[in-house]
Amino acid sequence: MSVSTANSLRLGVNIDHVATVRNARGSGYPDPVRAALLAAEAGADGITAHLREDRRHITDDDIARLSAELPIPLNLEMAATEEMLAIALRHRPHAACIVPEKREERTTEGGLDAAGQHNHLAPMVRALGEANVRVSLFIEPDPRQIEAALSLGAPVVEIHTGRFCELAGEEQAAELRRIADAAALAVKNGIEPHAGHGLTFDNVVPIAAIPQIRELNIGHFLIGEAIFDGLAPVVRRMRALMDEAR
Ligand SMILES: CC(=O)[C@@H](O)[C@H](O)COP(=O)(O)O
Ligand SMILES: NCC(=O)COP(=O)(O)O
């Protein structure tokens, strides 16, 4: 994502589900690249796109066009496979976020087990870093996973907020503390913390208020709201909520 001031919090807009709507009919519209350009104009600091193994939404051509046309950084979400590594090394996006993936899942269900996959992940993290692709690991707010990211040499972790978004009351408060503690531990180890998954207008503020977090990646909710209010206004509103939280 773009270089920002010391305390700023960047917004990465995930456009996966523009492609979900497009693929529902196999048409050329709505175009995820057009959505990305509109989000950029509305204040997004970067664009996130998840090229899944089953191409259920974002396609290889979407990644090629985003790589060629985006005026702001592209964060490619990818599974830890040789196929996705080759695609990432071909396009060399600004950033690549390694996420867990199961074909049968409806959406990402949790964080990557970086601690349990060191030997599998290490050569991928190294190859991406050597290609000047900023590597992020999508992980649970778990000290073991932060330590694994440090051991792997990943400069960024993206903390999974899905559980926080699903919980309520004291359980949600406890998960928020876990996320805040993980962000602080990441910074203590020289790793830049990001966060994402399931964030909405109603739950983003406490996550945005965690001072160590430098970037939020938000998609499904924004694309849904855009159906009613338009993409630019909802990006601006999320941007404003994030700014107010700081
Ligand atoms: C890793 C994560 O939480 C999302 O960025 C991911 O893209 C979710 O997958 P879908 O977009 O397919 O729901
Ligand atoms: N990594 C999180 C992301 O890119 C968007 O997740 P969501 O807002 O679509 O749940």
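Residues numbered from 1 in each chain as written. Chains lettered and ligands numbered in written order. Predicted model: local features only at pLDDT ≥ 70, side-chain atom pairs only at ≥ 80, totals over all residues. Heavy atoms only, no water.

Draft legend 1. Region of interest: the site of ligand 2. Surrounding ligand 2, one finds N14, T48, E77, F138, E158, G196, H197, G198, N217, I218, G219 and H220. One of the backbone nitrogen or oxygen atoms of G198 is found 2.8 Å away from an oxygen atom of ligand 2. G219 places a polar main-chain atom, nitrogen or oxygen, 2.7 Å from an oxygen atom of ligand 2. Relative to its unbound accessible area of 310 Å², ligand 2 is 91% covered by the protein chains. Its residues assigned to classes, the shell around ligand 2 shows two nonpolar, eight polar and two charged. (Near = heavy atom within 4 Å. Polar contact = N/O pair within 3.5 Å; in protein donor to acceptor, adjacent residues only side chain to side chain. Areas by Shrake-Rupley, 256 points an atom, 1.4 Å probe, with all protein chains shown as cover. Nonpolar A, V, L, I, M, F, W, Y, C, P; charged D, E, K, R; others polar.)

Draft legend 2. A look at helix 11 (residues 231-245). In a regular helix each residue adds 1.5 Å, so 15 residues correspond to 21 Å; helix 11 covers 21 Å between its end C-alpha atoms and thus fits that length. Those residues of helix 11 not exposed but buried are L231, V234, V235, M238, R239, L241, M242 and A245. Each buried residue of helix 11 lies within a common arc of 160° when the element is viewed along its axis, so the set occupies one face. On the buried face of helix 11, the contacting elements are strand 1 (10-14), helix 2 (32-42), helix 9 (204-208), strand 8 (215-218) and helix 10 (220-229). (Helix = DSSP H or I, 4+ residues; strand = E, 2+ residues; numbered from the N terminus. Expected span 1.5 Å × (residues − 1). Buried < 20%, exposed > 50% of the residue type's maximum accessible area, 1.4 Å probe, protein only. Arc of directions from axis to C-beta. Contact = heavy atoms within 4.5 Å.)

Draft legend 3. Looking closely at the packing of helix 4 (residues 82-91) against helix 5 (residues 118-130). One can describe the packing of helix 4 onto helix 5 by two numbers: an axis separation of 10 Å at closest approach and a directional angle of 10°. Relative to helix 5, the element helix 4 lies roughly parallel. Side by side, helix 4 and helix 5 meet where E82, L85, A88 and L89 of the first sit next to M124, A127 and L128 of the second. Class assignment of the residues belonging to the contact of helix 4 with helix 5 gives a composition of six nonpolar, no polar and one charged. (Axes fitted to C-alpha atoms, helices over the stretch in contact; angles between N-to-C directions. Parallel < 35°, antiparallel > 145°, perpendicular 65-115°, else oblique.)

Draft legend 4. Representation of the site of ligand 1 in the model. With respect to spatial proximity, the complete set of residues near ligand 1 consists of N14, D16, H17, H50, R52, H57, E77, V99, T107, T108, F138 and H197. Separating an oxygen atom of ligand 1 from a side-chain N or O atom of N14 is a distance of 3.3 Å. In the model, an oxygen atom of ligand 1 is placed 2.6 Å from a nitrogen or oxygen of the E77 side chain. Contact with the protein chains removes 92% of the 350 Å² of surface that ligand 1 exposes when unbound. For the shell around ligand 1, the per-class residue count stands at two nonpolar, seven polar and three charged.

Draft legend 5. Representation of the UniProt feature "active site" (unreviewed entry) in the protein. Those residues carrying the UniProt feature "active site" (unreviewed entry) are H50, E77 and H197 in this numbering. The named residues occupy 148 residues along the chain; their greatest pairwise C-alpha distance, 12.4 Å, places them in one compact cluster. With respect to the helices and strands, the residue H50 is situated in strand 2 (residues 46-50). Beyond its immediate sequence surroundings of up to four residues, H50 is in contact with D16, H57, I58, E77, M78, V99, E101 and T108. With respect to the element layout, H197 can be found in the loop between strand 7 (192-196) and helix 9. Once residues within four sequence positions are removed from consideration, H197 is found in contact with T107, T108, F138, H160, T161, G162, C165 and N217. (UniProt positions renumbered as here; feature names shortened; annotations may be inferred.)

Draft legend 6. The nonpolar core, seen in detail. I15, L137 and L216 are the most contacted members of the largest nonpolar core, which totals 77 residues. With seven residues, the single largest contributor to this core is helix 11. If near-sequence neighbours (up to four positions away) are discounted, L137 is found in contact with C97, I98, L112, A114, V125, A149, L152, A154, V156, V157 and E158. (Core = buried A, V, L, I, M, F, W, Y, C linked by side-chain atoms within 4.5 Å.)

Draft legend 7. Just the UniProt feature "binding site: 1-deoxy-D-xylulose 5-phosphate" (unreviewed entry) in the protein, in detail. Following the UniProt record, one finds the feature "binding site: 1-deoxy-D-xylulose 5-phosphate" (unreviewed entry) at D16, H17, R52, H57 and T107. The greatest C-alpha distance among the annotated residues, which extend across 92 residues, is 12.3 Å, indicating that they converge on a single site. Summarising the element assignment, R52 is placed in the loop between strand 2 and helix 3 (60-69). For R52, a relative accessible area of 3% puts it in the buried group. With sequence-adjacent residues up to four places away left out, R52 is seen in contact with H57, M84, E101, K102, E105, T107 and T108.

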